[in-house]
Amino acid sequence: MEPKRIKRIGVLTSGGDSPGMNAAIRAIARSASAYSIECLGIRRGYNGLINGDVISLDARSVDGIITRGGTMLYTARCEEFKTEEGINKAVNTCQYLGMDSLITIGGDGTFRGAKDLSDKGIHTIGIPGTIDNDIVCTEYTIGFDTACNTALDAVDKLRDTMHSHERCSVVEVMGRHAGYLAMYVGLSAGATAILTPESPVDFEEDIFEKIRHARISGRSHHIIIVAEGYGKADEIAERIHQETGIEARVTILGHVQRGGSPTARDRVAATMMGSYAVELLKSGSTNRVVCMKDGKICDFDITEALQMSKELDPAMQKVQKLVSI
Ligand code: F6P
């Protein structure tokens, strides 16, 4: 049987923003327009769906946004949407607007909302947009590459001053409960140690002894990357100072990692994922999340995805220990 023709697609961004979200919105609006499907932008995440905060998105209204970080639709975390009453209000808005399909861009929390709406008969597709890269069913989430490069640029600058003062830099990066961002930043920055929530660390062997050995063999400075989900950077710096006698300084990179013009990798991933989401809706799919597997765009069941847990790549962990001397 032919899938029912969709009339109107809504798109929203929810949770923490990430560079490339705008590129995904653009691809959705333009792909929908190419298929003569109307597209509405829901502002401020699920709040906008509850309150009917909606704008029309045609092919021209997304001009120029591919270069911009953040999200032109604004974003929010919505407590009301976690209640049955909030979900019902959102469904009413969709019905009132004649919006039979919805694309939600964000992380785990965003996909939980998409599943709730799919259960109520709204066709929903999720697109992974978070700098944390912590969505289980996909090897890539929009914004991760830009965030890594922003953090890397900062660490490279820190290295200059750490070298001059012969210090140790302890840098905290974002990632919520996941260590992906820390692992990528640490490997690309040539860090002495990378502390992530996923992997245990023996402080004596993996940090203090490494620093002492590096000093003896001629290295003047050290970089330690700490995932925010691991623990307090201040305490780690203090312990390094006490155990090695080397001055340590803490830098918390914070929200700067979420901003900036998206890299080519993020623009391409967002564009391909955005357009794929429209194709999924056209084919009658619902409750699917757009993913990347072996570098190819594909899709996965949202309910299943929400039950899995993501591991750090063991090969990266092994190599990090080998090369960080
Ligand atoms: O999920 C993205 C993220 O930037 C996390 O890395 C971080 O823990 C969190 O959002 C910060 O959230 P907020 O912007 O609400 O402070």
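Provided above is the structure to which this section pertains.
This is a predicted model, so every value here is computed, not measured. (Residues numbered from 1 in each chain as written. Predicted model: local features only at pLDDT ≥ 70, side-chain atom pairs only at ≥ 80, totals over all residues. Heavy atoms only, no water.)

1. Comments concerning the sheet that holds strand β9 (residues 248–252)
- The four strands are arranged β7-β8-β6-β9 in an open sheet whose pairing can be described as parallel. Each having just a single partner strand, β7 (193–195) and β9 make up the two edges of the open sheet. For this sheet, the mean angle separating the axes of adjacent strands, direction not counted, is 20°.
- Where β7 and strand β8 (residues 222–227) come together, three bridges link them in parallel fashion. For L195, the partnering residue across the bridge sits in β8 and is V226.
- Together, β6 (168–173), β7 and β8 form the strand contacts of helix α7 (residues 203–216), whose direction differs from that of β8 by roughly 160°. (Pairing = 2+ DSSP bridges. Helix = DSSP H or I, 4+ residues; strand = E, 2+ residues; numbered from the N terminus. Axes fitted to C-alpha atoms, helices over the stretch in contact; angles between N-to-C directions. Contact = heavy atoms within 4.5 Å.)

2. Brief notes about the pairing of strand β2 (residues 38–42)
- Within β2, four of the five residues are buried, which leaves the element mostly enclosed by the surrounding structure.
- Across four bridges, the pairing between strand β1 (residues 8–13) and β2 is parallel. Residue V11 lies in a different strand from β2, and its bridge partner there is G41.
- Handedness of the crossover joining β1 and β2 through helix α1 (residues 21–34) is recorded here as right-handed.
- When β2 meets strand β3 (residues 54–56), the two strands line up antiparallel, connected through three bridges. Each bridged residue has a counterpart across the sheet, and for L40 the counterpart in β3 is S56. (Buried < 20%, exposed > 50% of the residue type's maximum accessible area, 1.4 Å probe, protein only. Right-handed = clockwise from strand over helix to strand, strands pointing away.)

Spatial relationships are all this shows, so hold off on functional conclusions.
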